[in-house]
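# Architecture and fold: a report
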Amino acid sequence: MKFFFSIIIPTYNVENIIKECINSVTQQKRPNIEILIINDNSKDGSLEVCKTEAEKNKVIRVINNKKNLGVSITRNKGIVKAKGKYLIFLDSDDLLYKKSLINLEKKIIENNHPEVILCKFKHKTYPYTNNVLIKNKIYNSRKPVQFIKNVLSKKFPLDECWPFVVKKDFLLKRKIKFLNIRVAEDQLYVLNLLCNMRSFSTCQKDF
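As the structure is a prediction and not an experimental result, all values here were calculated from the model.

Glancing now at the overall build of the protein. Across its full length, the protein holds 8 helices and 7 strands. The globule rule puts the C-alpha radius of gyration for 207 residues at 17 Å, and the 16 Å found for the protein is close to it. Within the protein, the fraction of its 207 residues that count as buried is 52%. Long-range contacts, defined as pairs at least 24 residues apart, comprise 79% of the intrachain contacts of the protein with a sequence gap of at least 6. Here the protein has roughly 10,900 Å² of accessible surface; of this, 52% comes from carbon and sulfur atoms.

This next bit is on the packing of aromatic side chains. By the definition in use, this model includes 8 aromatic pairs. Taken together, a centroid distance of 4.1 Å and an interplanar angle of 10° make the contact between F178 and Y189 stacked. Of this pair, F178 sits in the loop between α7 (168–174) and α8 (185–196) while Y189 sits in helix α8, and the two are 11 residues apart along the sequence. Like Y189, F178 is buried. The structure contains a cluster of three or more aromatic residues connected by ring pairs, namely F4, F5 and Y86. Of note, R75 hangs over the ring of F178, and the distance from its end group to the ring centre comes to 5.0 Å.

Its location among the elements puts N130 in the loop between β5 (116–120) and α5 (131–134). Filtering out sequence-adjacent residues up to four positions away, N130 remains in contact with L118, C119, K120, F121, F156 and P163.

Before going further, it helps to spend a moment on the pairing of strand β3 (residues 60–64). Working note: regular strand, side chains alternate between the two faces of the sheet. Direction of pairing for strand β2 (residues 33–39) relative to β3: parallel, over a ladder of 5 bridges. From the neighbouring strand, L36 faces β3, where its bridge partner is R61. The handedness of the β2 to β3 crossover, carried by helix α2 (residues 46–56), is right-handed.

Ranked by internal contacts, the top residues of the largest apolar core, which has 32 residues, are F147, L158, F164, L171 and Y189. Of all the secondary structure elements, the ones that give two or more residues to this core are β2, β4 (84–89), β5, α5, α6 (145–154), β6 (164–167), α7 and α8. A total of 4 residues in this core trace back to one element, the largest contributor, which is α8. Contact partners of F164, with chain neighbours within four places excluded, come to L87, V116, I117, L118, L158, V190, L193 and L194. Counting residues in hydrophobic clusters, the runner-up holds 27 residues, among them V25, I35, I60 and V165.

A few words on the layout of surface pockets. Empty space within the largest pocket amounts to approximately 540 Å³. D93, D94, L95, K122 and H123 are the residues nearest the centre of the largest pocket, which is lined by 19 residues in total. Grouping the amino acids of the lining of the largest pocket by side-chain chemistry returns 10 nonpolar, 2 polar and 7 charged.

Glancing now at the packing of helix α1 (residues 18–26) against α2. As a packed pair, α1 and α2 sit with axes 10 Å apart at the nearest point and diverge in direction by 25°. Between α1 and α2, the angle falls in the class roughly parallel. Read as a crossing pair, α1 and α2 show a hand that is right-handed. From α1, I18, K19, I22 and N23 reach across to α2, where they touch V49, C50, E53 and K56. Looking at the contact of α1 with α2, its residues break down into 4 nonpolar, 1 polar and 3 charged.

Now for the sheet that holds strand β1 (residues 3–11). Pairing within the open sheet is mixed, and its 7 strands lie in the order β3-β2-β1-β4-β6-β5-β7. Strands at the two margins of the open sheet, each flanked by one partner only, are β3 and β7 (200–206). Along the sheet, successive strands turn relative to each other by an average axial angle of 25°, direction set aside. Across the sheet, α8 lies against β4 and β6, angled at about 60° from β6, the strand it touches most.

Taken residue by residue, α6 has F147, N150 and V151 as its buried positions. One side of α6 carries all its buried residues, which in axial view fall inside an arc of 100°. In α6, the exposed residues that point more than 90 degrees away from the buried face are K149, L152 and S153. Turning to α6, the residues buried within the fold contact β5, α5, α8 and β7. One or two positions beyond α6, positive phi appears at K155, with a value near 55°.

What counts, and where the lines are drawn
Residues numbered from 1 in each chain as written. Predicted model: local features only at pLDDT ≥ 70, side-chain atom pairs only at ≥ 80, totals over all residues. Heavy atoms only, no water. Helix = DSSP H or I, 4+ residues; strand = E, 2+ residues; numbered from the N terminus. Rg over C-alpha atoms; globule rule 2.2 N^0.38 Å. Buried < 20%, exposed > 50% of the residue type's maximum accessible area, 1.4 Å probe, protein only. Contact = heavy atoms within 4.5 Å. Areas by Shrake-Rupley, 256 points an atom, 1.4 Å probe, with all protein chains shown as cover. Phe/Tyr/Trp six-rings, centres within 6.5 Å; stacked < 30°, edge-to-face > 60°. Lys NZ or Arg CZ within 6 Å of the ring centre and 35° of its normal. Pairing = 2+ DSSP bridges. Right-handed = clockwise from strand over helix to strand, strands pointing away. Core = buried A, V, L, I, M, F, W, Y, C linked by side-chain atoms within 4.5 Å. 1 Å grid on protein atoms, 1.4 Å probe; cavity = no way out; pocket = protein on both sides within 12 Å on 5 of 7 lines; lining within 4 Å. Points joined across faces, edges and corners; volume = space filled by probe spheres on them. Nonpolar A, V, L, I, M, F, W, Y, C, P; charged D, E, K, R; others polar. Axes fitted to C-alpha atoms, helices over the stretch in contact; angles between N-to-C directions. Parallel < 35°, antiparallel > 145°, perpendicular 65-115°, else oblique. Left-handed = near helix turned anticlockwise from the far one by under 90°. Arc of directions from axis to C-beta.

What follows is the structure in C-alpha cells.
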C-alpha cells in the first residue's frame, strides 16, 4: 500500500516518552499514513511499548535493529523502508499538533506537490520557533533560492531535520541521506536538502 505520509521515529531507551509521541500521530486520525518506528536496540522497555501500541493500531509498523546502529543509519533505514510519498522525521520527544497532518496535506496539494516543505515548530530552547522564516513570507515555490537568501539574512539556524517534510522520490533521486556521524548529522542533511531542492513550500500552521 502506498501512503501519503510515512512518519519515521527512531527510538532508543525512551520507554517513558515514546507512547506520547506515537499518540500525537495516531490522534491525527488520517487514513493514509504509516508510522514507522525503528527501535535502535534499546536496553529498556521501549520495544515492548512500541509493540503494544502497534497491536492497537494497524498504521504502526515496528522494526528492531539487532544491534545499536545510531540515529543516522536508523533514519536511513526508515527512508528505504517507508512506503509513503512524503517522509516526516520525528524524534521520540517530539509531538505533532492536532490536525497538523491534514493542514500539511492540503498545503502540499495546493502547491503542486513540492519536493520540500518547511513546517512551523515550537521548541523549548533557542530558536524557540521558526516563525520568522514563515510568517508573511511568500516564496516562489520554483525558486527556492529566495528562501535560502532569507535564511542567510536572518542568520537563522536550520540544524534539525524534523521541521522538513520531504518527498521520498526526491531523496532517492538526489541520493540524500544522513551521514553516519554521532554529532550534527541533521545539519548536513538539511544542507543537502537546501542545496538540491528545486521546489519548495512552507506550512504556516503549527506543526
